[in-house]
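Residue-level structure breakdown
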Amino acid sequence: ETRTDAAMSELVPEPRPKPAVPMKPVSINSNLLGYIGIDTIIEQMRKKTMKTGFDFNIMVVGQSGLGKSTLVNTLFKSQVSRKASSWNREEKIPKTVEIKAIGHVIEEGGVKMKLTVIDTPGFGDQINNENCWEPIEKYINEQYEKFLKEEVNIARKKRIPDTRVHCCLYFISPTGHSLRPLDLEFMKHLSKVVNIIPVIAKADTMTLEEKSEFKQRVRKELEVNGIEFYPQKEFDEDLEDKTENDKIRQESMPFAVVGSDKEYQVNGKRVLGRKTPWGIIEGNSLHLLEELVADQTHLQDLKEVTHNIHYETYRAKRLNDNGGLPPGEGLLGNVLPPVPATPCPTAE
């Protein structure tokens, strides 16, 4: 009987201690304890930002002649992008996609922003455009690698220079029919590494009905091909964000814009637009794109999604491939190459 009791005691598991339940935060009325100064934190952060400023890097991709430079200049109210005028007879069209970055410092209300515009001349201008997105993907990954190397240094800089691409404006030709295979392939590969905002260029070449139908068709094609664009659905933090971003995704995207850096007087107010014999053409979606890219509503969010999602994905893969060691140091001290661009299918 004693053996049976001992056997039974071995079979019965010992009760596990209950996990500690965290206490709910207790709200304290600061009026009872006196003034603390918590409400000044925002002002402290603002002053610090005004002193240090911040970086914002925007990439523009699309065929020549779609008004990329004009649109970027319009967004930031400055000549921040050089206009690449039509090719001269003496100049040769670049055989490969080039990457050109132009930096500027824009100051407004005492806040400085170091804006870098990355242009990609030569994209989509060749007879054979196979894999022409690879140099762009490689450039984006190189900026992640550069930031990662600075981050893992033992004696790293107090403020790491940020050259990561925070936003990519992809210009769609206003054909009115459907997206080209090149458009789909580019956005399919690059949407995994950068925030993509599709833009229908020169929307004044279409009627209102054609523009509405084209936008719906583009949204449908992006959904069918599993291409996500900014603002991405899974990054909505709360109901307020979801409501605001759903309106952008379902009504505004892709933005149909008329790029212009000239102002005209219309009904007592000055607007940016293009003058024609029939009147002034104003880009009706331009102000929405300004809010999304250049204003306070989403600019910080673009930076956060780049850092917390795209960069963290690259960082985790890079360290995992390197056995958890910093980049450049293999298990036996050998130098490891940076992560290559995602392999793309070749045409048969």
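Look a little higher up for the structure.
Notes on the structure in this doc start here. (Residues numbered from 1 in each chain as written. Predicted model: local features only at pLDDT ≥ 70, side-chain atom pairs only at ≥ 80, totals over all residues. Heavy atoms only, no water.)

1. What to know about a negative patch on the surface
Together, Glu 237, Asp 238, Glu 240, Glu 244 and Glu 304 make up a region of like negative charge exposed at the surface. Along the chain, Asp 238 turns up in the loop between α7 (208–224) and α8 (239–252). For Asp 238, a relative accessible area of 39% gives the class partly exposed. (Patch = residues over 30% accessible without salt bridge, like charges linked within 9 Å, V, L, I, M, F, W, Y side chains within 5 Å. Areas by Shrake-Rupley, 256 points an atom, 1.4 Å probe, with all protein chains shown as cover. Salt bridge = Lys/Arg side-chain N within 4 Å of Asp/Glu carboxyl O. Lys, Arg positive; Asp, Glu negative; His and termini not counted. Charge placed at Lys NZ, Arg CZ, Asp CG, Glu CD. Helix = DSSP H or I, 4+ residues; strand = E, 2+ residues; numbered from the N terminus. Buried < 20%, exposed > 50% of the residue type's maximum accessible area, 1.4 Å probe, protein only.)

2. A word on unusual backbone geometry
A cis amide bond links Tyr 230 to the next residue, Pro 231, at an omega of 0°. Considering the arrangement of structural elements, one finds Pro 231 in the loop between α7 and α8. Residue Asn 131 is not a glycine yet carries a positive backbone phi of 55°. Along the chain, Asn 131 falls in the loop between β3 (111–119) and α5 (134–151). Taking relative accessible area as the criterion, Asn 131 reaches 14% and is therefore assigned buried. Positive phi is not limited to glycine here, since Lys 202 has a value of about 50°.

3. A closer look at the environment of Val 105
Among the structural elements, Val 105 can be located in strand β2 (residues 100–108). For the pair Val 105 and Gly 53, spaced 52 residues apart in the sequence, the C-alpha separation amounts to 9.6 Å. Aside from chain neighbours lying at most four places away, what touches Val 105 is Lys 112, Met 113 and Lys 114. (Contact = heavy atoms within 4.5 Å.)

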